[in-house]
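In case you want the letters, here they are:
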Number of protein chains: 2
Amino acid sequence: MNEPVLSRLQQLMTIREGVENLGQPGRWHPAADWVDSGTHLLLLLDVPGVNLDSLALEEQGNTVTVSGERAAPEYVLSAERPSGTFSRALHFPQDVLPQTGQATVKNGVLTVQFEKKHPTIDVICQPDAGEEV
Amino acid sequence: MNEPVLSRLQQLMTIREGVENLGQPGRWHPAADWVDSGTHLLLLLDVPGVNLDSLALEEQGNTVTVSGERAAPEYVLSAERPSGTFSRALHFPQDVLPQTGQATVKNGVLTVQFEKKHPTIDVICQPDAGEEV
């Protein structure tokens, strides 16, 4: 699939998530990026203030699902920051090797790194050894 | 001012910020909460992945302005996470003592704590010492 199609697919999944979450006002929807690092595919997700113990990742076919929770502060005078549980199903924009995901959280950003599947085997050009006389 | 009026005022400031930022597509708009902790007023702002050196706070009258920046990742396949510079002007929902702000960042959440202004002086009841005979 080319990138515009993948981008449209992700938009559709995002809209579906939005519709599914309409009846669940506690849910929120952290923003995600997909990055191609060459050998790996990276998923970046904004999870500021999320309880690290609550973070869960599940890989199923072409999709990785990330869920977690953050508590709402007490005695709030005005609130824009969403809280409660979230769950996002994100479609891999490129093929990855199953069960290679590695997750870290730094400064409120979750990074999950997946090994990309390379359908071709690289040919390495070695210098000719030269014929011995 | 009562809380609905303050909430409306904050909404109006947020809309104004949105209009001002329309012509600056690089700008984003981190979500903010105001919390009353009893003795202090707390501002919470989601700043995941923001370069801590770029964070700046300025207090002016009834308003605190927070600005900062985060870099966009390279080689992005799909991007939802906003990046670039941000600047938010937030109205104090309660009176605070000037120049008492203290800021910390933890797990991608900026917390700024201000001492509240108490217009009344508390009367502390001390036990009667009893008259000496």
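This text goes with the structure placed above it.
Everything quoted here is computed from the prediction, not taken from an experiment. (Residues numbered from 1 in each chain as written. Chains lettered and ligands numbered in written order. Predicted model: local features only at pLDDT ≥ 70, side-chain atom pairs only at ≥ 80, totals over all residues. Heavy atoms only, no water.)

What about the pairing of strand β2 (residues 40–46) of chain B?
All names here are of chain B.
And step 1. Of all the 7 residues making up β2, 7 are buried; the element is thus mostly covered by neighbouring parts of the structure.
And step 2. In the sheet, strand β1 (residues 32–36) pairs with β2 via 5 bridges, with the strands oriented antiparallel. Bridge assignment links Val-35 to a residue of β2, and that residue is Leu-42.
And step 3. Here β1 folds back onto β2 in antiparallel fashion, the turn holding 3 residues, of which Gly-38 has a positive phi close to 100 degrees.
And step 4. Alignment of β2 against strand β8 (residues 109–115), held across 7 bridges, turns out to be antiparallel. Residue Leu-45 lies in a different strand from β8, and its bridge partner there is Leu-110. (Buried < 20%, exposed > 50% of the residue type's maximum accessible area, 1.4 Å probe, protein only. Helix = DSSP H or I, 4+ residues; strand = E, 2+ residues; numbered from the N terminus. Pairing = 2+ DSSP bridges.)

Observations regarding the interface of chain B and chain A
And step 1. Across the boundary between the two partners, chain B contributes 36 residues, which contact 35 residues of chain A.
And step 2. Between chain B and chain A, roughly 2700 Å² of surface is buried when both sides are summed, and carbon and sulfur atoms account for 50% of that area.
And step 3. Run the count over chain B and chain A and you get 8 salt bridges.
And step 4. A salt bridge links Arg-88 of chain A to Glu-80 of chain B; the shortest N-O distance between them is 2.6 Å. (Contact = heavy atoms within 4.5 Å. Buried area = accessible area lost by both parts, 1.4 Å probe. Salt bridge = Lys/Arg side-chain N within 4 Å of Asp/Glu carboxyl O.)

Here we look at the packing of aromatic side chains
Residues and elements named next belong to chain A.
And step 1. By the definition in use, this model includes 8 aromatic pairs over all chains.
And step 2. Taking 6.3 Å as the distance between ring centres and 45 degrees as the angle between the ring planes, the aromatic pair formed by Trp-34 and Phe-114 counts as tilted. In this pair, Trp-34 sits in strand β1 (residues 32–36) while Phe-114 sits in strand β8 (residues 109–115), placing the two residues 80 residues apart along the sequence. Like Phe-114, Trp-34 is buried.
And step 3. An aromatic cluster is defined as three or more aromatic residues linked by ring pairs; in this entry it consists of Trp-34, Phe-92 and Phe-114.
And step 4. Of note, Arg-70 hangs over the ring of Trp-28, and the distance from its end group to the ring centre comes to 4.6 Å. (Phe/Tyr/Trp six-rings, centres within 6.5 Å; stacked < 30°, edge-to-face > 60°. Lys NZ or Arg CZ within 6 Å of the ring centre and 35° of its normal.)

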